Amino acid sequence: MNATIELEATGKKSNFEILPKVTPAGEISGEFLEVSMGPHHPSTHGVFRMDVTLDGERVVKLKPVFGYLHRNHEKIAEGTAYLASMPYTDRLDYFCSMTNNWAYALAVEKLAGLQVPERAEYIRVITAELTRLQNHACLCGFLLQDMGALGTPLMYAFREREKILDLFEALSGSRMMCNYMRFGGCRVDLSPGWIEETKRVVENFPRFLDEFERLLSENEILIARTQGVGVLPAPLAINASITGPMLRASGVNYDLRKADKYGIYERFQFRVPLGDHGDVYDRYMVRVLEMRESLKILQAALRDIPPGPISDPKAKVRNFRPKAGEAYGRIEAPKGELGFYLISDGSPNPYRYRVRPPSLINLTILEDMCLGHIIPDVVVILGSVDIVLGEVDR
Amino acid sequence: MLGEGIIKGMTETARNFFGSYIDSDRLVTVQYPEQRLPLKENTRNFPFLVHDGDDPEKGLRCVACKICEKECPPQCIFIVLERDEKGKPQKHPKVFDLDISVCMSCQICVEVCPFDAIKMDTEFELSHDDRFRGLLLDKKQLAKPNHYYHKIHPVEAAEVDERLAAEKAKAEAKAKAAAAPKPAAGPAAATAGKPAAPRQPVPA
Amino acid sequence: MQEILDQLFVLLKAWLVGFFPLPWQPLVSILISVAALILVFALLFAVATILERKGLGRIQNRYGPNRVGPCGFFQPIADGLKMLIKEDIVPSGADRVVHFLAPIALVAPVLLAFSVLPYGRNMAPIDLDAGIVVFFAVGAGTELAVFMAGWSSRNKYSLLGAMRAIAQMISYEVPLILSSVTVIMIVGSLRPIQIVEAQAGYQGWLPAWHVFTPWGLAGFLLFAIAATAESNRSPFDMPEGESEIVAGYFVEYSGFKFALFFMGEYFGMFAISGLAITLFLGGWHAPLPFLEKSIPSYVWFFVKLFGFIAMFIWLRGTLPRLRVDQLMNFAWKFVLPMTLLNILAAGLWRFLPAGATRWLVCLVILLGAFLALGRSMVARRKWSPRKYRFAE
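Residues numbered from 1 in each chain as written. Chains lettered and ligands numbered in written order. Predicted model: local features only at pLDDT ≥ 70, side-chain atom pairs only at ≥ 80, totals over all residues. Heavy atoms only, no water.

(A) Spotlight on the overall build of chain C. Helix and strand content of chain C: 16 helices and three strands. In terms of overall size, chain C behaves like a compact globule, its C-alpha atoms giving a radius of gyration of 23 Å where 392 residues would be expected to give roughly 21 Å. Projected onto its principal axes, the C-alpha coordinates of chain C cover approximately 65 × 55 × 40 Å. Expressed as a percentage of its 392 residues, the buried residues of chain C come to 54%. Put simply, 76% of the contacts in chain C that link residues at least 6 apart link residues at least 24 apart. Of the roughly 17100 Å² that chain C leaves accessible, carbon and sulfur atoms contribute 75%. Of the side chains in chain C, 31 bear a positive and 22 a negative charge, and the two mean positions are spaced by 8 Å. (Helix = DSSP H or I, 4+ residues; strand = E, 2+ residues; numbered from the N terminus. Rg over C-alpha atoms; globule rule 2.2 N^0.38 Å. Buried < 20%, exposed > 50% of the residue type's maximum accessible area, 1.4 Å probe, protein only. Contact = heavy atoms within 4.5 Å. Areas by Shrake-Rupley, 256 points an atom, 1.4 Å probe, with all protein chains shown as cover. Lys, Arg positive; Asp, Glu negative; His and termini not counted. Charge placed at Lys NZ, Arg CZ, Asp CG, Glu CD.)

Here is the structure:
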């Protein structure tokens with residue numbers, strides 16, 4: 001199928017792969033162009049690669065290729081102690097290490113039957129919602145960056161993210177790789193003044209959101225670029241087991257914080273924004289609205305957090321051997337349902353360790369969303385999926 | 001009307017442009033080598049070994065129990081136990097190497113150490129032109145005095161000292177009780193400022 | 001004194017030319033003009049890059065470059081040095097000759113376009129009767145250079161970028177020329193100097209610039225849109241399309257060839273801004289009567305040029321990029337009809353008696369067209385801000 005063309009000037013063979021374009025009647029009526037977008041393309045969010053076949057600029061075939069960042073996470077976890085996997089989970093979705101920690105801790109707590117003290121539950125909710133804020137803010141920034149807004153919204157998002165990362169640093173010692181949660185609680189208690197500082201950040205966050213929305217949400221170019229692009233119908237989304245804001249943008253009311261009620265989420269009043277069209281604009285707006293709802297949870301949690309212990313006294317740091325059995329812990333991570341499936345055979349290492357990465361599963365329908373659109377749309381659709389390659393490739 | 005959203009966005013960027021000259025909240029960049037942010041109490045980067053007193057060799061709290069070596073997720077610690085001429089273990093590391101090009105600053109070694117011997121440093125300007133030997137820290141480079149620990153993590157260090165003192169007192173009381181029938185055991189165990197007896201690995 | 005200051009460069013050139021024998025004088029005069037043009041615009045390019053980077057930085061709440069020299073103002077020198085000593089990589093599959101020629105073919109026509117613009121009183125390098133036509137003719141040459149670059153690189157991204165560039169630049173050439181036709185109709189001349197002179201004088205405080213008439217304002221805005229697209233600036237930077245096709249047509253260029261592309265793009269921006277100033281913003285005329293004599297004319301030209309640069313930077317810092325097909329739709333279904341109606345409005349303006357009536361007639365035509373075309377464009381695609389429902 002591949003033809004090479006000889007260059008007239010130099011006589012060299014070109015590296016173009018040209019596929020003949022065949023009409024339904026069987027005639028060759030032109031050529032397709034195969035372009036390999038990635039793994040070092042500026043807007044594939046890391047080392048993702050798409051082999052796209054183009055008719056002009058229109059996509060007729062798209063093959064996602066990943067694995068460039070494969071780090072053998074699951075197999076390493078099966079060879080090390082339960083606790084030693086915790087810092088590795090930070091590196092799955094490196095934007096949201098707190099929620100990754102939580103999902104893993106939840107799975108192990110189910111496996112070992114540990115009870116999480118009240119204060120630790122509150123801290124978990126606060127850190128998870130802060131993570132959601134910074135993840136969604138950055139995602140919206142990246143999405144607009146992919147649309148060519150030259151980093152302005154992204155820089156505003158990073159400015160706010162910095163404040164949240166400062167909070168994480170004060171809490172856990174590290175800005176991104178927090179490694180903060182432990183089985184049956186959290187590692188250290190809140191440092192003095194942390195609650196007040198967080199309250200201040202949460203109070204100022206709506207100002208940023210308003211600014212962000214004024215900047216581009218009603219912009220004609222943004223609307224033209226995103227509305228009706230990359231439509232994901234609800235049945236397809238459900239069949240492809242899409243979760244998170246992407247699913248909700250398609251109009252399916254499924255939020256694990258409501259559906260599963262893990263942790264103490266049933267104590268908080270919040271709403272779940274739903275989109276009706278399932279296009280890129282809905283995915284963008286659902287995330288913006290989710291940030292506003294997260295702020296409500298944060299305000300309530302920061303108000304109600306009780307004093308007390310932060311860790312289950314039964315939890316052990318060393319020689320941790322949960323009894324044989326299996327457990328699946330899942331939470332609503334900013335990107336979707338993040339689950340950890342563990343099988344224990346009573347030894348210090350898990351017998352089987354499996355991650356359900358929301359980024360990877362949300363990525364599976366990329367081709368369905370992209371077919372028929374052109375290259376600029378592909379980039380925007382990929383941006384709206386919200387992937388982090390650390391989690392896709394593991 | 002067409003163009004309304006564009007004008008709205010333009011006013012927002014104009015506000016940010018002028019705001020960056022008057023509002024410090026809009027210009028948050030820290031000009032790093034000249035300006036530095038104060039390090040936070042919990043900040044962690046790479047581990048270091050705490051030693052009591054002035055002699056980094058003798059005062060080392062580490063007893064080469066190798067728990068951290070075993071628990072370290074990326075396996076970046078390498079310890080060799082010191083033995084005297086007869087081959088008797090000395091409760092002291094002969095070699096303690098830590099490869100900071102492998103270390104992922106997870107703090108698990110600190111959590112599992114029963115002797116409070118290894119703690120997290122906040123030093124982050126560690127770039128080196130030799131990426132093999134330069135990033136492999138040995139015992140000499142890792143050993144830092146207790147007052148340094150107090151300087152970088154004041155609250156945590158105070159807690160640790162308190163706990164160690166309490167344990168020491170307890171051990172001394174125990175030794176005293178044991179000393180009645182056997183007077184030789186007490187002084188030998190209490191030298192060098194180390195915990196009198198290796199604590200039994202207790203669940204944290 | 002003010003007269004001398006205003007004519008400083010003209011007198012300087014005449015004095016220099018006087019040293020040469022008479023038959024040589026035309027050639028020397030041209031050479032001096034060329035050297036001055038290249039020097040001034042190369043300097044302006046350096047200043048524009050640093051202003052752009054610092055301005056964008058401030059828009060994005062950061063400092064921008066501030067390490068080289070005072071406040072980072074020597075950054076362009078450092079960048080230039082870096083570009084000069086970088087390795088010049090030519091892909092093995094590339095067509096070497098065309099690959100080499102493309103950046104030169106981009107910069108040369110733009111420099112030619114500078115030759116017809118009047119920069120101050122008596123300060124047009126060449127006084128051509130068909131100056132505007134010459135400008136558009138040489139300006140169209142850049143399209144060829146862009147396609148040469150994209151095609152010769154043997155890269156799929158650069159090919160896509162070149163295709164986009166050709167489609168975009170040819171499409172926007174039409175509204176660009178049609179929007180300047182209004183001025184040519186009213187002034188009745190293709191000579192840039194005459195167009196500037198037609199905008200001399202003041203009505204009260206308001207200068208008699210074309211932009212202060214309804215057709216002139218509409219023409220100016222349409223010209224500005226087309227000029228942004230023509231000079232590949234955001235939000236019409238599809239040929240470059242960094243987040244989509246990496247760097248578009250110059251993806252395979254490095255070192256000084258890349259710098260030439262960069263420079264050609266900025267030169268194109270300056271040239272087209274200069275034309276907009278000549279056509280609509282009164283050229284080198286001062287905005288207020290009492291400033292006309294006290295500040296030299298060329299200063300006003302460059303002040304207006306900096307205004308344009310600031311506007312370009314501001315747009316770039318705010319707007320996302322349009323999509324290729326939307327860009328084409330916008331050109332053919334919105335900008336082109338608007339320019340045609342603007343020509344009608346300019347014709348009416350010319351033949352209606354001066355007064356409120358012709359203002360009203362022109363405004364009604366243009367505003368009505370703007371609203372109708374804008375609404376139809378949005379309504380056809382069902383584009384609108386949305387309401388969202390919430391599940392409790």
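(B) A look at the interface of chain B and chain C. Taken together, the contact pairs 18 residues of chain B with 19 residues of chain C. Around 1700 Å² of area is buried between chain B and chain C when both sides are counted, 65% of it from carbon and sulfur atoms. Interface area lost by chain B to chain C is led by Leu2(B), Met10(B) and Leu27(B), which between them contribute 36%. Between Glu34(B) and Arg67(C) there is a salt bridge; the shortest N-O distance is 3.0 Å. Taken together, chain B and chain C are joined by nine residue pairs in polar contact (both at pLDDT 80 or more). Here the residues of the side of chain B that touches chain C sort into nine nonpolar, seven polar and two charged. (Buried area = accessible area lost by both parts, 1.4 Å probe. Salt bridge = Lys/Arg side-chain N within 4 Å of Asp/Glu carboxyl O. Polar contact = N/O pair within 3.5 Å; in protein donor to acceptor, adjacent residues only side chain to side chain. Nonpolar A, V, L, I, M, F, W, Y, C, P; charged D, E, K, R; others polar.)

(C) The packing of helix α3 (residues 97–112) of chain A against helix α4 (residues 118–146) of chain A, seen in detail. All names here are of chain A. Where α3 contacts α4, the axes come no closer than 8 Å and their chain directions differ by 140°. Residues Met98, Thr99, Trp102, Ala105 and Glu109 of α3 lie in contact with α4, whose contacting residues are Glu121, Arg124, Val125, Thr127, Ala128 and Thr131. Looking at the contact of α3 with α4, its residues break down into five nonpolar, three polar and three charged. (Axes fitted to C-alpha atoms, helices over the stretch in contact; angles between N-to-C directions.)

(D) A look at helix α5 (residues 152–172) of chain A. Residues and elements named next belong to chain A. Helix length check: α5, at 21 residues, gives a terminal C-alpha distance of 30 Å against a target of 30 Å (1.5 Å per residue), a fit within 8%. Most of α5 is tucked away, with 17 of its 21 residues classed as buried. Phi for Gly173, located one or two positions after α5, is positive at around 100°. (Expected span 1.5 Å × (residues − 1).)

(E) Representation of the pattern of salt bridges in the model. According to the stated counting rule, one finds 57 salt bridges over all chains in the structure shown. Of the charged contacts in the structure, one is a salt bridge between Arg354(A) and Glu74(A), with a shortest N-O distance of 3.4 Å. Highlighted residues: Arg354(A) in strand β10 (residues 350–356) and Glu74(A) in helix α1 (residues 73–79), separated in sequence by 280 residues. Looking at Glu74(A), the relative accessible area reads 13%, which means it is buried. With its nearest N and O atoms 2.8 Å apart, the salt bridge here joins Asp282(A) to Arg386(C). Linking Asp282(A) in helix α11 (residues 280–304) with Arg386(C) in the loop between α16 (356–381) and β3 (389–391), this pair reaches from one chain into another. When sorted by exposure, Asp282(A) lands in the same class as Arg386(C), which is buried. Bridged by salt links that share partners, the residues Glu129(A), Arg132(A), Arg248(A), Asp255(A), Arg257(A), Glu290(A) and Glu332(A) form one connected network.

(F) Spotlight on the interface of chain A and chain C. The partner chain C presents 44 residues to the 67 residues of chain A that form the contact. Overall, the association of chain A and chain C removes approximately 4600 Å² of surface from exposure, summing both partners, and the carbon and sulfur fraction of that is 58%. Remark: the boundary between chain A and chain C carries four salt bridges. Between Asp276(A) and Arg389(C) there is a salt bridge, with its nearest N and O atoms 2.6 Å apart. Our count for the contact surface shared by chain A and chain C stands at 16 residue pairs in polar contact (both at pLDDT 80 or more).

(G) Molecular detail of the pairing of strand β3 (residues 89–99) of chain B. Residue and element names in this part refer to chain B. Where strand β2 (residues 77–83) lies against β3, six bridges are found, and the strand directions are antiparallel. Residue Ile77 lies in a different strand from β3, and its bridge partner there is Leu98. Connecting β2 to the next strand, β3, in antiparallel fashion are five residues, including Gly87 with a positive phi near 90°. (Pairing = 2+ DSSP bridges.)

(H) Region of interest: helix α3 (residues 25–59) of chain C. Taking 1.5 Å of rise per residue, 35 residues should cover 51 Å, and α3(C) covers 49 Å from first to last C-alpha, within 8% of that figure. In the stretch just after α3(C), Asn61(C) is the one whose phi turns positive, near 60°.

(I) Structural detail: the packing of helix α1 (residues 4–22) of chain B against helix α14 (residues 297–318) of chain C. Remark: α1(B) packs on α14(C), axes separated minimally by 9 Å, with the N-to-C direction vectors making an angle of 105°. Judged by the angle between their axes, α1(B) and α14(C) are roughly perpendicular. From α1(B), Gly9(B), Met10(B), Thr11(B), Thr13(B) and Ala14(B) reach across to α14(C), where they touch Met311(C), Trp314(C), Leu315(C), Gly317(C) and Thr318(C). Counted by class, the contact of α1(B) with α14(C) contains five nonpolar, five polar and no charged residues. (Parallel < 35°, antiparallel > 145°, perpendicular 65-115°, else oblique.)

(J) Structural context of the packing of aromatic side chains. The full count for this structure, using the stated rule, is 56 aromatic pairs over all chains. Ring geometry for Tyr122(A) against Phe268(A): centres 6.0 Å apart, planes inclined by 85°, an arrangement best described as edge-to-face. Within this pair, whereas Tyr122(A) is found in helix α4, its partner Phe268(A) is found in the loop between α10 (256–259) and β7 (272–274), the two being separated by 146 residues in sequence. Note on Tyr122(A): relative accessible area 5%, which makes it buried. Here the aromatic rings of Phe267(C) and Phe270(C) are separated by 6.4 Å at their centres, their planes lie at 40°, and the arrangement is tilted. Taken together, the residues span about one helical turn, with Phe267(C) and Phe270(C) both in helix α12 (residues 255–279) at a distance of three residues. (Phe/Tyr/Trp six-rings, centres within 6.5 Å; stacked < 30°, edge-to-face > 60°.)

(K) The arrangement of a nonpolar patch on the surface in detail. All names here are of chain C. Together, Met1, Ile4, Leu5, Leu8, Phe9, Leu11, Leu12, Trp15, Leu16, Phe19, Phe20 and Trp24 make up an exposed nonpolar region whose accessible area comes to about 1300 Å². Sorting the residues of the nonpolar patch by element identifies α1 (2–6) and α2 (8–17) as the ones contributing at least two each. The biggest single contributor to the nonpolar patch is α2, with six residues. (Patch = residues over 30% accessible without salt bridge, like charges linked within 9 Å, V, L, I, M, F, W, Y side chains within 5 Å.)

(L) Focus on the nonpolar core. Phe183(A), Phe268(A) and Leu366(A) are the most contacted members of the largest nonpolar core, which has 139 residues in total. Among the elements that take part in this core, α11(A) stands out by supplying 14 residues, more than any other. The next biggest cluster of nonpolar side chains, apart from the first, holds 81 residues, and it includes Phe114(C), Val138(C), Leu315(C) and Ala369(C). (Core = buried A, V, L, I, M, F, W, Y, C linked by side-chain atoms within 4.5 Å.)

(M) Molecular detail of the environment of Thr226(A). Residue and element names in this part refer to chain A. In this fold, Thr226 is placed in helix α7 (residues 220–226). Assessed through its relative accessible area of 1%, Thr226 is described here as buried. For Thr226 and Asp377, which are 151 residues apart along the polypeptide, the C-alpha to C-alpha distance reads 8.2 Å. Sequence-distant contacts of Thr226, defined by excluding residues within four places in its chain, comprise Met147, Asp279, Val280, Tyr281 and Val380.

(N) A look at the side chain of His373(A). All names here are of chain A. Within the secondary structure, His373 is located in the loop between α13 (366–370) and α14 (375–385). Here His373 falls in the buried class, since its relative accessible area comes to 17%. Among the polar contacts made by the side chain of His373, one reaches the main-chain amide nitrogen of Gly230 at a distance of 3.2 Å. The residues contacting His373, other than those within four sequence positions of it, are Glu57, Arg58, Val59, Gly228, Val229, Gly230 and Ile381.

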